[in-house]
Amino acid sequence: MLRFENVTKNYWEGSVERQVLRGASLELATGSFTALLGRSGTGKSTLLNLAAGLDRVDSGQVFCDEIELTALSERDFTLFRRRQLGFIFQFFHLFPTLTVAENLGLVLELSGRSGDIDEMLRRVGLWDRRQSYPDKLSGGEQQRVAVARALVHQPRLVLADEPTGNLDQENGQTVLDLLRNRDASVTLLVATHSQEVASAADQVVRIVDGQLVVQ
Ligand SMILES: Nc1ncnc2c1ncn2[C@@H]1O[C@H](COP(=O)(O)OP(=O)(O)O)[C@@H](O)[C@H]1O
Ligand SMILES: [Mg+2]
């Protein structure tokens, strides 16, 4: 469903070029759950950002089913991102001036798709907090809202960058359970340091020397 083919990505640090990805290839089956492991600085966030179009490859290709993402214009990538993608961050990144329900509503509206905000908030156990602002919620609650927001428009692909990295064990487990209980058609790619997350995945991939190694 999501396919990386021979992707390279370099960054310049001053006058020094750092090769982060050096011919990274990987395939994610539709509806599968892949955990992406690797030490800090190995390129996990970079890989997710390339799939989300938040950054661009230097060479190689990324496909989502029949769509070559790496060939999309900025405008078309934005449309793809709004319609087909959910993104979850380590530090929640909810819209601070919007209520919980409005956070989901904005994503739904931008997607142009249908979805049920109340049903989604019930699923993550936060329907009674729908009128609250994010800063009134605990970290665990904010991340549950972020999961609801990533799923509300029924995207094809969900990318999560260390979604449990800032949560305690119990809240991390709750977020993991919510991700596992997504609809069967939703493909999930999670960058993580967590052994629990890796154990729950269908496929575990490691970034080693800029390449993707399936375990
Ligand atoms: N926008 C950027 N500009 C320069 N260097 C970057 C940028 N993004 C990431 N890097 C560098 O790329 C490497 C991989 O970063 P990252 O993908 O964030 O790793 P991880 O998520 O695995 O910790 C790091 O050395 C980081 O400093
Ligand atoms: Mg990272």
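Above this text sits the structure in question.
Report on the accompanying structure. (Residues numbered from 1 in each chain as written. Chains lettered and ligands numbered in written order. Predicted model: local features only at pLDDT ≥ 70, side-chain atom pairs only at ≥ 80, totals over all residues.)

Okay, the overall build of the chain next. Check the secondary structure of the chain and you find seven helices and ten strands. Each principal axis of the C-alpha distribution contributes one length, and for the chain these read about 50 × 35 × 35 Å. Buried residues in the chain amount to 40% of all 215 residues. Across the chain, contacts joining residues at least 24 apart in sequence account for 69% of those joining residues at least 6 apart. (Helix = DSSP H or I, 4+ residues; strand = E, 2+ residues; numbered from the N terminus. Buried ≥ 20, exposed ≤ 12 C-beta atoms within 10 Å, placed from the backbone. Contact = placed C-beta atoms within 7 Å.)

Note on placement: Ser 59 falls in strand β4 (residues 59–64). Accessibility expressed as a C-beta count within 10 Å gives 13 for Ser 59, which makes it partly exposed.

Read from one edge to the other, the open sheet built from six strands follows the order β6-β7-β8-β3-β9-β10, with strand pairing classed as mixed. Of all the strands in the sheet, the pair left with one neighbour each is β6 (85–88) and β10 (211–214). Recorded for the sheet is a direction-independent mean angle of 20 degrees between the axes of neighbouring strands. Pairing of strand β7 (residues 157–161) with strand β8 (residues 187–191) involves five bridges; the strand directions are parallel. Bridged to Asp 161 within β8 is Ala 191. (Pairing = 2+ DSSP bridges. Axes fitted to C-alpha atoms, helices over the stretch in contact; angles between N-to-C directions.)

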